[in-house]
Structure formats: structure tokens, C-alpha cells
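Listed below are the residues making up each chain.
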Amino acid sequence: MTERDVWRAISAKTGAGDRAAAEAGVRAAYRQAGLAEPERIVWVGSPLAAVRMLSEGGLGERGASVREAVRSAPWAAERARVHAELGSKAFNEHWQATGAGLWELTQTVVDRVREGVIEAAASTAQQRTQVRLLLLDAVLGQHDSAWLCSFDTDAGSPLGGLAAVAREAGWWWPYEKVALISERPTALHRDEAGRLDRGDGPALAYTDGFELHAWRGMSVSAEFLDSLRALTPEHIRAEENAELRRIMLEYYGYDRYLDESGAQPIHRDETGVLWRIELVGDEDVVMVEVVNSTPEPDGTHRTYWLRVPPATRTAREGVAWTFGLGAEIYEPVQQT
């Protein structure tokens, strides 16, 4: 397993980590930054709980944030060192081979956590500003995996303490007198593209009840997801929000919606059947129905529904589009 694979796994870990190891990492990070160790280390269930505690003064006297000294400065120094050793071209290649892909994967989760915390903890513009500032004080723990996997994170390295915390905990807040650490999430669900995604519960959940719901990366409410279980074609057509209506269609199934809506085919040829669903206030949904010519083990032939551009006029044109071809040159040797 490569270092990138190790850190990819760390970034997606759920459940409680080793608190003693995380706390040792916090103290090491302070010492490596030339600071006195924090007088106290406090654990909370989620980033939301951390922000609320900080907002309400629940930690008492905490002193100033030392994030710059603990996280930003050593990271910048290590990056400059490796860049000087490798040169610009080789450094870019190194980044692409290590942290680049993981950065995109973790940043999606980080952005959603921040949005969720702000939404849950703030109701006025002033409160939102305060929460955003508190979030800027956070070190991202396991979600800093992308850049940690690109540098030396051995115990004796300048990033050793930060890496030790990341292996066992979520976000944490370093202040002069106290460090506040959030547990990792208890559940994480993503689709094949790495976006938060779950249709039957929270896509991201923490032990204290902080939850984020999402479908294909789009933020939705728990109530909306619950409503999907009782969907009807009438409910789908009545939904005014185009994004939510698309989610409804994906959940309900385009083929089922076509069947139960009494939709009519607009074109048919040897490649399949072209269907169109007209949606008020949104572009039409156009799909090609194709039958797999290779039989299943039980002798049946599976039907597939392929979404194609709204301007598609024939089934052949639609099937050709899914292969990146024009209808005039699409000649399948064998339909599959």
C-alpha cells in the first residue's frame, strides 16, 4: 500500500480513534512549533459542537489561536524545502502523484461540513461571520490528509505531531492554553465520484447528532429524503425546484416515471426507443431505452435507460451520443 493509499484511508476513517495518541500528537505539534504545551485538551463530538462551545465561551480562558504557528508555518516551511529540493516541475509531478487527487476528494467533504456548521450554528449575518472566523482557526485533522501524504510525517519531522492527530481525530482548534478536538464522523457515504451521497439517511454523521444529508453531492434536508419514499409522478411534476425534481426522478427511476406517467415514445429504430419527459420550468428529460442483446443467466434480456441531450431526435442519435459518436457513423458490431 502506498503512502497515498494510507492517507486516503485515514481521510475516510469513521468512528472513535485513539484519544491518547491524538493528544500526544497535539502536544508534539505545540512543541515542534516552539510553544508550551496546552494546559488542557478537550474533546467534543463534532465540529458543530466545537464551534458552539467556542461561541458560548464554554472553554473559559483559552488564549489566542496558535494555528499559524502549529499548522500553517511548518507546512509552508516543509513545502518550501521540498520545492527547493525538487524544482518546480518535479514538485508539481510529486504533488500530482501524491496529494492532488486526494485534495479534491477531501475538499468536497470539508466544504460541506463548513456549510453545515454555519447553517446550524448561525441565524444572523453577524453570527455567520463569527462562525466563519472560528472555522478558520481549525486544523482539519484527517481532512488534511492530502498535503500530509505529500511530505515527511515521521514522528521527528516538523509535521509529525500534526500527522499523529490526523491519524486519530477530526478537526481541532489549537489555542494558547487549550486545544479542542472533534471526534471523527461515525458515518460517511459517498458516490463513485466522491460526493456525499445517501438516499436513506445522513451522508455524514457524528456521534453527537450533527448530520449532513446529501444526494449526489447536493445538500438536501432529512425531511426531503424521507418524502422520497412516498413519491408519485404527481409529486414530481408539482415540485417547483428543478434540482430537487431531478433528484426525485433519479430516486423514483426514469423508467418507472415514464411508465406511470403514460409517456409516449417519440422515435423507434433498431437501436432502441427514444422517450421524452416534458418538465415545466426545466429542460425536457430525454432517454433512450435499449435492450442488452446478451442474455442474463436466466435467459432474460436487461433493459437500460440512457439519458441523452434534450435536442436528441432519434434513438440512434441518442445511443451514438453515449459513445461520443455522431449518428451517421454509429454502426455497432454487437449491441451490448
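The sections below set out a description of the structure shown in this document. If you're wondering where the values come from, they're calculated on a predicted model, not measured in any experiment.

## Some words on the packing of aromatic side chains
Then comes step 1: Enumeration over the complete set of coordinates arrives at three aromatic pairs.
Then comes step 2: Each ring, one from Trp-75 and one from Trp-147, has its centre 5.9 Å from the other, and the planes form 75 degrees; the classification is edge-to-face. Separated by 72 residues along the polypeptide, Trp-75 in helix α4 (residues 67-86) and Trp-147 in helix α8 (residues 145-148) bring together distant segments of the chain.
Then comes step 3: The interplanar angle of 20 degrees and the centroid separation of 5.7 Å between the aromatic rings of Tyr-206 and Phe-210 together place this pair among those described as stacked.
Then comes step 4: We classify Tyr-206 as buried; its relative accessible area is 5%.
Then comes step 5: The lysine or arginine in question, Arg-62, covers the ring of Tyr-175, its NZ or CZ lying 4.8 Å from the ring centre.

## Some details on the environment of Glu-78
Then comes step 1: In this structure, Glu-78 sits in helix α4.
Then comes step 2: Judged by relative accessible area, which is 5%, Glu-78 ranks as buried.
Then comes step 3: Sequence-wise, Glu-78 and Ala-29 are 49 residues apart; in three dimensions their C-alpha atoms are separated by 14 Å.
Then comes step 4: With residues up to four places along the chain from it excluded, the contact list for Glu-78 reads Phe-151, Asp-152, Pro-158 and Leu-159.
Then comes step 5: Within the structure, Glu-78 has its side chain in polar contact with the side chain of Arg-81 (distance 2.5 Å).

## Comments concerning the pattern of salt bridges
Any two side chains of opposite charge can pair, so long as their charged atoms come close to each other.
Then comes step 1: If you walk through the whole model with that rule in mind, you get 16 salt bridges.
Then comes step 2: Linking Asp-200 and Arg-198 is a salt bridge whose minimum nitrogen-to-oxygen distance equals 2.8 Å.
Then comes step 3: Residue class for Asp-200 comes out exposed when judged on its relative accessible area of 52%.
Then comes step 4: Asp-226 is the salt-bridge partner of Arg-229, the closest N and O atoms lying 2.9 Å from each other.
Then comes step 5: One salt-bridge network, held together by shared partners, links Arg-27, Arg-31 and Glu-37.

Cut-offs applied
- Residues numbered from 1 in each chain as written.
- Predicted model: local features only at pLDDT ≥ 70, side-chain atom pairs only at ≥ 80, totals over all residues.
- Heavy atoms only, no water.
- Phe/Tyr/Trp six-rings, centres within 6.5 Å; stacked < 30°, edge-to-face > 60°.
- Helix = DSSP H or I, 4+ residues; strand = E, 2+ residues; numbered from the N terminus.
- Buried < 20%, exposed > 50% of the residue type's maximum accessible area, 1.4 Å probe, protein only.
- Lys NZ or Arg CZ within 6 Å of the ring centre and 35° of its normal.
- Contact = heavy atoms within 4.5 Å.
- Polar contact = N/O pair within 3.5 Å; in protein donor to acceptor, adjacent residues only side chain to side chain.
- Salt bridge = Lys/Arg side-chain N within 4 Å of Asp/Glu carboxyl O.

So far we have only geometry, and geometry alone does not tell us how the molecule works.
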